[in-house]
Structures are given as C-alpha cells and as structure tokens.
Amino acid sequence: MWWGVAAALLANTLYSLGFVLEKRALTALPEVTIRRPARLLRLVLGSPLWIGGSLALAAGFAAQLVVYRTLPIAAAQGIFVSGLVLLVLLSARLLGEETSGRERYALGAILLALLMVVLSLREGTDTVSQDAPYQLILLVCVPSLATGVWLYGSAERRARNRHRRPTTGVEYGVAVGLLYGVSSLAIKGVSSRLTTDGIGGAVLGLLASPYPYLLLFTGAFGLVMSQAALQRCRASLIVPVCTTVTSLFTAVLGTLSFGEALPDEPLRLALRVAGTALAVAVLLTMPKHEASPQPSPPAKELTSP
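Sequence order sets the numbering: in each chain, residues are counted from 1 along the sequence as written. At least 70 in pLDDT is required for a residue's local features to be given in this predicted model, at least 80 for side-chain atom pairs to be given and counted, and no such filter applies to totals for whole chains, interfaces and linings, which use all residues. The side-chain figures draw on all heavy atoms in the structure; neither hydrogens nor water molecules are used.

S.K.: Summarise the environment of K23; cite the residues concerned and give the values.
M.R.: Within the fold, K23 resides in helix 1 (residues 2–27). A simple rule labels every residue: compare its accessible area, found with a 1.4 Å probe on the protein chains alone, to the largest value its type can have, and call it buried under 20%, exposed over 50%, or partly exposed in between. On the basis of relative accessible area, K23 is assigned to the buried category, the value being 8%. The spacing of K23 and C233 is 210 residues in sequence and 9.2 Å in space, taken between C-alpha atoms. Every residue pair with non-hydrogen atoms within 4.5 Å of one another is taken to be in contact. The contacts of K23, once residues within four sequence positions are left out, are L95, E97, L230, Q231, C233, R234 and A235. Looking at K23, its side chain comes within polar contact range of the main-chain oxygen of L230, at 2.7 Å. The way it works is that DSSP assigns letters per residue, a run of H or I at least four long becomes a helix, a run of E at least two long becomes a strand, and they are numbered from the N terminus. Polar contact criterion, stated in full: a pair of N or O atoms within 3.5 Å, where within protein one must be able to donate a hydrogen and the other to accept it, and residues adjacent in sequence count only if both atoms are side-chain atoms.

Here's what the structure looks like:
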C-alpha cells in the first residue's frame, strides 16, 4: 500500500518536471499546430530539452503502473492531484509564471486534501480490482475520445477567428484531460494484464485486450494536442485544468468500470471522498485569467516657479 503512495508521489514529480521542461522547450520553438503534425514532431524531436521532458513523462508512466497495482483508483487520483503543487512551484521557478496569493492558498488546500486521502488508506482493507469487462471499457472510452477530439477542434477553430477574444486554454485542458483520462484507464488495464503468470501469457493477454490500442491512440493524439496547447497557454493554467478532468474521469468512471468499492468505515469514507472533492473544488475555483496590470500613476507636470 505505502509503496503505491511513494510511487504516486514519484509519478507526480516526474509528470510535473516533464510538463515544465516541454513547456520551456516549446516556448523557444516556432508555432506548432495539430494541422501539421509531421512538422510538430520534427521540431520537438530536434529539441534536447523537450526530449528530456518526454523521458520524464515516460518514467512517470512507469511509476503509474505500480500505483494502479497497489492503490484503489479513487485514492490514486486524490494523490495525483497533489502533483499540481510541485507543478506550480516549478512553473514559477523555471518558466517565470508567478503565483498569486489566492493560488498559494489553493496549494495549501490541495496539500490538506492529499493528507486526507492518505489517511483514508489502510493496508489489507482496500479493494484493488485487476480487471473490467472490455465492452464496458470501450463503451466508456470511445465516446470520451470522440468528445475530446471534437472539443479540441472547436477550440482551434475559435482560436483562428481574429474577431474573438484570445482563448484562456480551459477548453484545451478539458479536451486533453479527456484523452488522458482514457489513457489512465488503459494504464490501469495494462497493470492488471501484467499480473498474468509468464511473460508470454501476459503479452498475449495484453494484445487481446483493448488497452494497448487505447494507449496508442491517446499517445499519438495526446502528444500532438498537448504540445500545441502547452505552447499557447500557461503550463500552470492548462495542466491543472487537464489534471482535474483526468482525475474526475478516472476516479468516477474508473471506479465504476473496474468495480472497486469505497471504504466501509464512515470516517475513512468521509476522508477519501472529502479529500478528493476538496482537491477538485480548489482547482475549479483557481483563477483562470491573468491579473490585469495596475496602471501607472500619471506623471506630474513640471511647472515653472
């Protein structure tokens, strides 16, 4: 159980570092767009900094496999949300994205939510499901993928309209969050397939499941969509929105799909639900726009004595 908590915190660190490094690399690159995916890939693969960020994200993926084998889905999402604290700190340090007083209070509340989720865990009593009906997984994932791609395309069309206000990035975050939510369920499914005895049996079982194909789709589309969105928006804005959608999607639909039960004890149940709800509520109420700069006072006119 506690190995799962440690793996979740490690995944948080790797994901936050990966997003920040990719954002910093994208800032120095020419504008990228999903309409030219080959050019996008050529540009990012030529950036050592971006490659370092992608390797950090890949290592976070490996840590996430350990998490889903040892922690219930709902508890894991509560801990993953806490990674946004580190993300905001790294964004301020490496990207110059300053945090306001309101955002700092929000970070403290997220840390409290993390503590509540961790306190709700108890070794040997939480159910960690290892399988789900494939038909149910596809019923949940396919419409979600279609919605995410459609929403992203709508945001792109509105962004190209010169007469509209600049996009805040929220729609991009929701769209990519839906794809990453599906990816998170696929990672959970892959972790369950790896419990099969023997390497050959595990590989055959994995290839017969929808999980590797969902990962390929979300990996390809998520890569192109997230890079274009990261270049246009603040990392400390778009990643929290994306993470919130991913966590909600995975905690609710993942728990239902894999049939994992919540804690039976009222106190632990309250801590689990309240901690996750607090983290999500804080993220939803964080400022979505930059504060307008205060106008400088008018200069005094010099008068002759």
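After presenting the structure, the write-up continues.
S.K.: Break down helix 5 (residues 83–94) for me, with residues and values.
M.R.: What a helix is expected to span follows from its residue count: subtract one and scale by 1.5 Å. With 12 residues, helix 5 extends 16 Å between its outermost C-alpha atoms, agreeing within 8% with the 16 Å of an ideal straight helix rising 1.5 Å per residue. Remark: G96 follows helix 5 within two positions and exhibits a positive phi of approximately 75°.

S.K.: Go over the packing of aromatic side chains with me, naming the residues and quoting the values.
M.R.: Only Phe, Tyr and Trp rings are paired, with Trp represented by its six-membered ring, and only when their centres lie within 6.5 Å; those with planes under 30 degrees apart are stacked, over 60 edge-to-face, the remainder tilted. Counting across every chain of the model gives three aromatic pairs. Aromatic side chains Y134 and Y211 sit 5.9 Å apart centroid to centroid with 85° between the ring planes, which places their arrangement in the edge-to-face category. Of this pair, Y134 sits in helix 7 (residues 134–159) while Y211 sits in helix 10 (residues 211–232), placing them 77 residues apart in sequence. Take Y211: its relative accessible area is 0%, and that puts it in the buried class. A ring is considered to have a charge above it if a Lys NZ or an Arg CZ atom is located within 6 Å of its centre and within 35 degrees of its normal. One residue, K188, lies across the ring of F258, its end atom 5.7 Å from the ring centre.

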